[in-house]
Amino acid sequence: MARTWLMKSEPYKYSFDDLERDGRTPWDEIRNYQARNFMRDDMKIGDRVLFYYSNVQPPGVAGVAEVCSEPYPDETQFDETSNYHDPKATRDNPRWILVDVKPVKKLPRLVTLQEIKDEPKLQDLPLVRRGNRLSIMPVSEADADLIIDMANRPGPEDA
DNA sequence: GCCAACGTTGGC
DNA sequence: GCCAACGTTGGC
C-alpha cells in the first residue's frame, strides 16, 4: 500500500520547477537520521510526496511528486569538496541513504503553512506540531488528499 | 536577523 | 550513559 510523505526543500536551492525541468532528482544532502531512516526503510517506489517549500515567505506545499527509486547511497557524502561530505562514511559502509523523486503535478497554487495551521482537520500533521524540524515526515492519506484539494479551492486571500 | 526547539558531539 | 556546549532548522 502506497504511503504519502512530506519532503521539505528550500525553493531557492531546489524548487518544484527545478524538479519538473530535471525529470527526477536524488533527494540528497539529508543529514538527519530519522529522515534518512524514512527513505531507507519505509519509502517504496510509487509512494506519493508532498513537495514543501521551507525557509521562504510564505512556506507551504507546492506540488506532488513520487518516489521513483530504491534506496541507495547519497553521493555527496563521499565528496570531499561538498558541505555534506561525511568523513566517517565509506563506500563499503555508507551512512546516508536516499531515494529518487520525480514530479507528478504542480499544485494550482501554494497551500501555505498558515492555511494548514488554520485547518482543524490537519492538526495531527507532524508539520504543525511543536518543534517540527524533520525535513521528511509521513502524512496520512486523508491529510494529503485534503491538502491537494485545498490547492484546487481559492486561497484565503481570494475570499 | 532573531531565537526557540531540537539534534549531535564529546568529555567525563 | 549523562549532559553541557554547540550547531542547525525554519518560522517569524
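Residues numbered from 1 in each chain as written. Chains lettered and ligands numbered in written order. Predicted model: local features only at pLDDT ≥ 70, side-chain atom pairs only at ≥ 80, totals over all residues. Heavy atoms only, no water.

Asker: Can you break down the protein's contact with DNA strand C residue by residue, with the values?
Answerer: Every residue lining DNA strand C is accounted for by K8, Y52, S54, N55, P59, L113, K117, N132, R133 and L134. Among atoms of DNA strand C positioned within 4 Å of the protein, sugar and phosphate together represent 73%. The separation between a phosphate oxygen of DNA strand C and a polar side-chain atom of Y52 is 2.9 Å. At 2.7 Å, a side-chain N or O of R133 approaches a base oxygen of DNA strand C. Looking at the surface near DNA strand C residue by residue, the class counts come to four nonpolar, three polar and three charged. (Near = heavy atom within 4 Å. Polar contact = N/O pair within 3.5 Å; in protein donor to acceptor, adjacent residues only side chain to side chain. Nonpolar A, V, L, I, M, F, W, Y, C, P; charged D, E, K, R; others polar.)

Asker: I'd love a proper account of the protein's contact with DNA strand B, names of residues and values included.
Answerer: With respect to spatial proximity, the complete set of residues near DNA strand B consists of Y33, R130, G131 and R133. Sugar plus phosphate, as a fraction of atoms of DNA strand B within 4 Å of the protein: 62%.

Asker: Could you give an account of the pairing of strand β3 (residues 48-53), with specific residues and numbers?
Answerer: Burial within β3 is extensive, with six of its six residues counted as buried. Going residue by residue along β3, you find R48, L50 and Y52 tucked away on one face and V49, F51 and Y53 tucked away on the opposite face as well. As judged from the six bridges shared by strand β1 (residues 4-9) and β3, these two strands associate in the parallel manner. Considered in β3, the bridge of T4 is made with R48. Hairpin connection from β3 to strand β4 (residues 60-67): six residues lie between these consecutive antiparallel strands, with N55 at a positive phi of about 60°. (Buried < 20%, exposed > 50% of the residue type's maximum accessible area, 1.4 Å probe, protein only. Helix = DSSP H or I, 4+ residues; strand = E, 2+ residues; numbered from the N terminus. Pairing = 2+ DSSP bridges.)

Asker: Residue-level account of helix α4 (residues 141-151), with values.
Answerer: For α4, every residue scored as buried is listed here: D143, A144, L146, I147, I148, M150 and A151. Buried-residue contacts for α4 involve β1, β3, β4, β7 (100-112), α3 (113-118) and β8 (136-139). (Contact = heavy atoms within 4.5 Å.)

Asker: Go over unusual backbone geometry, please, and point to the residues and values.
Answerer: Put simply, Q57 and P58 share a cis peptide bond, and its omega is -5°. Following the sequence through the fold, P58 ends up in the loop between β3 and β4. Non-glycine residue E29 carries a positive phi angle of around 70°. By the element assignment, E29 lies in the loop between β2 (25-26) and α2 (33-42). Relative accessible area serves as the criterion here: at 34%, E29 is assigned to the partly exposed category. Of note in the backbone geometry, N55 takes a positive phi value of approximately 60° without being a glycine. Inspection of the secondary structure puts N55 in the loop between β3 and β4. With a relative accessible area of 59%, N55 lands in the exposed category.

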